[in-house]
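Here is how the chains run, residue by residue.
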Amino acid sequence: MTHSERAYFKTYLQRLVKIVRREDAREETFYPALADLIRQIAAATGRADIQVTILPRPTEAGNPDFRVWDGTSRIVGYIEAKPPSEELLDRVEHSEQLERYRSTFPNLILTNFLEFRLYRDGKRVATAQLGRPVVLHTLKHTPPPENIDAVWELLDQFLGFSLPRPPYRGDAGRGTGEAHPLPAGHRTPATAF
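Residues numbered from 1 in each chain as written. Predicted model: local features only at pLDDT ≥ 70, side-chain atom pairs only at ≥ 80, totals over all residues. Heavy atoms only, no water.

Visitor: Help me understand the sheet that holds strand E3 (residues 75–81) in this model?
Guide: Whenever strands of a sheet pair, they do so through backbone hydrogen bonds, lying parallel or antiparallel. An order of E1-E2-E3-E4-E5-E6 is seen for the six strands of this open sheet, with the pairing classed as mixed. Either end of the sheet is taken by a strand with one partner, and the two such strands are strand E1 (51–54) and strand E6 (123–129). Averaged over all pairs of adjacent strands, the angle between strand axes in this sheet comes to 20 degrees, irrespective of strand direction. In this structure, E1 lies alongside strand E2 (residues 66–69), joined through four bridges in antiparallel fashion. Opposite Ile 54, over in E2, you have Phe 66 as the bridge partner. Set on the sheet, helix H2 (residues 31–44) makes contact with E1, E2, E3, strand E4 (107–111) and strand E5 (115–120); between it and E1 the angle comes to about 165 degrees. (Pairing = 2+ DSSP bridges. Helix = DSSP H or I, 4+ residues; strand = E, 2+ residues; numbered from the N terminus. Axes fitted to C-alpha atoms, helices over the stretch in contact; angles between N-to-C directions. Contact = heavy atoms within 4.5 Å.)

Structure below.
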C-alpha cells in the first residue's frame, strides 16, 4: 500500500469528525464518506468499475444501506452501517436484521464506520478497527488511524468477491443479453442476489 493509499483512511476519518462536530448528523450523513472510501480502494486495487449505491432498492431480505456492484451485472456485496456511536456491534451482529442479512447475502460488511466486520456465507471471516469511537464522539477529534493494513485487506477481500454467472446452454444468444435456459432438471447454485 502506497503512502497516498494510506492517506485515503486519514481523509476518511477527517470527514467523519467534521460530520460529528456538526452535532446534528444522522447515520445517513456518514454514508458518502464510506462510499467514497470504497470507491477509492476499488480503483487502487484495479477495480475502477466498482459502483456503490447508497440506500438501494429493497431486497427480499430487507434494506441494507449500501449495494456494491461491478458496474454492469454482478453484485459484489452489501454493507449494513450503524451510527459511529454504536460501539456494540456484537449486539447488532446477533439482531434479527443481521441474522436475516447474513443468511441471505454471501458477502456482507457490518460497520459503524470505524469497525468493519466481513461475513461470508453468514460467518464472520474478518474484523478490523480503523479508529477508536471514544476519540471521535467524546473528544470530537480525528481518531489516529489504526490497523490500516487489516482494514485495507478486509475491504479488498470484500471487493474481490463475485458470484459466478449462471451457466448458459450453448453460445446462442451470447452478446444479446438473452439467457437460454438449461435442460429440465439441471440445477444451478442458488444466489441471494
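Visitor: Honestly, the pairing of E5 in this entry has me stumped. Any pointers?
Guide: For a regular strand, side-chain orientation follows a simple rule: the groups alternate between the two sheet faces. Of all six residues in E5, six are buried, a share of seventy percent or more. Burial of E5 is two-sided: the residues Glu 115, Arg 117 and Tyr 119 facing one way and the residues Phe 116, Leu 118 and Arg 120 facing the other way are all buried. Across five bridges, the pairing between E4 and E5 is antiparallel. If you follow Leu 110 over to E5, its bridge partner there is Arg 117. Following E4, the chain reverses through three residues before pairing antiparallel with E5; Phe 113 in that reversal takes a positive phi of roughly 80 degrees. Alignment of E5 against E6, held across six bridges, turns out to be antiparallel. Bridge pairing in E6 links Phe 116 to Ala 128. (Buried < 20%, exposed > 50% of the residue type's maximum accessible area, 1.4 Å probe, protein only.)

Visitor: Any chance you could explain the pattern of salt bridges here in plain terms?
Guide: If charged atoms from side chains of opposite charge come close, those side chains can pair. Per the stated rule, a full pass over the model turns up 15 salt bridges. Among the salt bridges present, the one from Arg 15 reaches Asp 36, with a minimum N-O distance of 2.6 Å. Taken as a pair, Arg 15 in helix H1 (residues 3–22) and Asp 36 in helix H2 lie far apart in primary sequence, 21 residues in all. On the basis of relative accessibility, which here comes to 30%, the residue Asp 36 falls in the partly exposed class. (Salt bridge = Lys/Arg side-chain N within 4 Å of Asp/Glu carboxyl O.)

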